[in-house]
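Letter by letter, the chains look like this.
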Amino acid sequence: MESILLSFVSLALIIISTVTMTMSSLSSAANLSDSWKAMEAKARILQGTRIVGVPPKHYSGGVIEITIKNEGQVNLGDFKHWDVFVEDRVGGIRYLTYSSSYPPGSNQWAIQGIYISDNTPEVFDINIFDPGEQLIMGLNPDPATPTGNPIKITVATNNGVTTQCFITGS
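Residues numbered from 1 in each chain as written. Predicted model: local features only at pLDDT ≥ 70, side-chain atom pairs only at ≥ 80, totals over all residues. Heavy atoms only, no water.

A.B. asks: Quick one: what's the story with the overall build of the protein, residue by residue and with numbers?
C.D. replies: Helix and strand counts for the protein stand at one helix and nine strands. The order of helices and strands in the protein, counted from the N terminus, is α-β-β-β-β-β-β-β-β-β. Here the protein has a C-alpha radius of gyration of 27 Å; the compact-globule value for 170 residues is 15 Å, and the former is much larger. By principal-axis analysis of the C-alpha atoms, the protein measures approximately 100 × 40 × 25 Å. A buried classification covers 31% of the 170 residues belonging to the protein. Considering only intrachain contacts with a sequence separation of at least 6, the fraction spanning at least 24 residues in the protein is 60%. As displayed, the protein offers around 10600 Å² of accessible surface, 59% of which is attributable to carbon and sulfur atoms. Seen as two clouds, the 10 positive and the 15 negative side-chain charges of the protein have centres 7 Å apart. (Helix = DSSP H or I, 4+ residues; strand = E, 2+ residues; numbered from the N terminus. Rg over C-alpha atoms; globule rule 2.2 N^0.38 Å. Buried < 20%, exposed > 50% of the residue type's maximum accessible area, 1.4 Å probe, protein only. Contact = heavy atoms within 4.5 Å. Areas by Shrake-Rupley, 256 points an atom, 1.4 Å probe, with all protein chains shown as cover. Lys, Arg positive; Asp, Glu negative; His and termini not counted. Charge placed at Lys NZ, Arg CZ, Asp CG, Glu CD.)

The following block contains the structure:
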């Protein structure tokens, strides 16, 4: 009689542990699947993001105005989380913080405007940098780069896509 009771208890423990392990495995597989889907979604956004920096034709000091073109398929925003770096041989590398008002203060950058084309202001999705639009940003590095020295500007969106452009002041 004792052996039958012991057998039932042992069988119950085996069934409970098997069910627990199966549920844990299924839960882990579901978590892995969710993580994989999130990585794929982020990869699609990164693949669809393409920005191109266009330096000014002439620069003679003061606020640097560069044009950023959205040549991808992703709407961009959240400008306060963009990163802007100005590098030259005199002042080194300077990180510029975002300013919501134009013109930007010392070591800041700000948006002068977002345009559809040929300086026609955007009329849809205001303050969203849509595909095909151009964003004109002003940069105010401090100390200013002396005229005649090359400047490298790096702009990175909030999802990590970057562009660079080069300027030589006259």
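A.B. asks: Talk me through the packing of aromatic side chains; I want residue IDs and the actual numbers.
C.D. replies: The relation between two aromatic rings is expressed through the spacing of the ring centres and the mutual angle of the planes. Within this structure, the stated rule accounts for five aromatic pairs. Centroid distance phenylalanine 85 to tyrosine 95: 5.3 Å. Interplanar angle 55°. Geometry classified as tilted. On the criterion of sequence distance, the pair formed by phenylalanine 85 in strand 3 (residues 83-88) and tyrosine 95 in strand 4 (residues 92-99) is long-range, its members being 10 residues apart. Three or more aromatic residues link up through ring pairs in this structure, and these residues are Phe79, Trp82, Tyr98, Trp109 and Phe129. (Phe/Tyr/Trp six-rings, centres within 6.5 Å; stacked < 30°, edge-to-face > 60°.)

A.B. asks: Quick one: what's the story with unusual backbone geometry, residue by residue and with numbers?
C.D. replies: Glycine aside, a negative phi is what most residues show, and trans is what most peptide bonds show. Of note, the amide linkage connecting tyrosine 102 to proline 103 takes the cis form, showing an omega dihedral of 0°. Mapped onto the fold, proline 103 is located in the loop between strand 4 and strand 5 (108-117). The linkage connecting aspartate 142 with the following residue, proline 143, adopts the cis geometry, with an omega of 10°. Relative to the helices and strands, proline 143 resides in the loop between strand 7 (134-140) and strand 8 (150-156).

A.B. asks: Could you give an account of the pairing of strand 8, with specific residues and numbers?
C.D. replies: Summarising burial for strand 8: five of the seven residues are buried, a large majority. For strand 3 and strand 8, the ladder comprises six bridges, and the chain directions are antiparallel. Its bridge partner being in strand 8, aspartate 83 is matched across the sheet by alanine 156. Bridge count between strand 8 and strand 9 (residues 162-168): seven bridges; the pairing is antiparallel. By the bridge assignment, alanine 156 is partnered in strand 9 with threonine 162. (Pairing = 2+ DSSP bridges.)

Limitation: the analysis is restricted to geometry and does not speak to function.
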